[in-house]
Amino acid sequence: MSGMEIEFNDMLNETIKRFKWTGYDGYGRPVHASTFTTYFARVDYHAKKKRDRIRDATQIEKIQSATIWVNTTESFSLEDIVVIKENFRPRILDVESFPDESETYHHVKLTCDE
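Let me sum up the structure you'll find in this document. Keep in mind it's a predicted model, so treat the numbers as computed, not measured. (Residues numbered from 1 in each chain as written. Predicted model: local features only at pLDDT ≥ 70, side-chain atom pairs only at ≥ 80, totals over all residues. Heavy atoms only, no water.)

1. Overview of the pattern of salt bridges
Summed over all chains, the structure comprises six salt bridges. Among the ionic pairs, arginine 18 bridges to glutamate 74, the shortest N-O distance being 3.2 Å. Linking arginine 18 in strand 1 (residues 14-19) with glutamate 74 in the loop between strand 7 (66-70) and strand 8 (81-83), this pair joins segments that are 56 residues apart in sequence. Judged by its relative accessible area of 38%, glutamate 74 is partly exposed. Residue aspartate 113 is joined to arginine 91 by a salt bridge in which the shortest nitrogen-to-oxygen separation is 3.0 Å. Residue aspartate 113 is located in strand 10 (residues 105-113), and its partner arginine 91 is located in strand 9 (residues 91-99); the two are separated by 22 residues in the primary sequence. What makes aspartate 113 buried here is its relative accessible area of 4%. (Salt bridge = Lys/Arg side-chain N within 4 Å of Asp/Glu carboxyl O. Helix = DSSP H or I, 4+ residues; strand = E, 2+ residues; numbered from the N terminus. Buried < 20%, exposed > 50% of the residue type's maximum accessible area, 1.4 Å probe, protein only.)

Structure (structure tokens):
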């Protein structure tokens, strides 16, 4: 593990729960797994004055309220449910993965709104 990776992992001071999206029901509503996976993460809440505008998958403009850095290489879906402490469930607006200096992917960035 590189020094940069150790420093990054030290910043992952929270845990989140993820209920993975599994498809749609007969009415077109998202269906999720009944069990969750827990990940180490860093949640950056944005002050109201510093929130960015972002377009969701349907191109509707939303206000970003949090960025979540998740310690995983698994792919997330915009339909997944993410639960942060005390049952706060922000909607995922965007999912990104970034390589480190050695071109290795080891985390996912989620952009969320309320």
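2. Focus on the sheet that holds strand 9
Ordered by their spatial adjacency, six strands build an open sheet running 8-1-4-7-10-9, and the pairing between neighbours is antiparallel. This sheet does not close on itself; its edge strands, each paired only once, are strand 8 and strand 9. The average angle at which neighbouring strand axes cross in this sheet is 35 degrees, direction not considered. Relative to strand 8, strand 1 runs antiparallel, the two sharing three bridges. Its bridge partner lying in strand 8, arginine 18 is registered against valine 82. (Pairing = 2+ DSSP bridges. Axes fitted to C-alpha atoms, helices over the stretch in contact; angles between N-to-C directions.)

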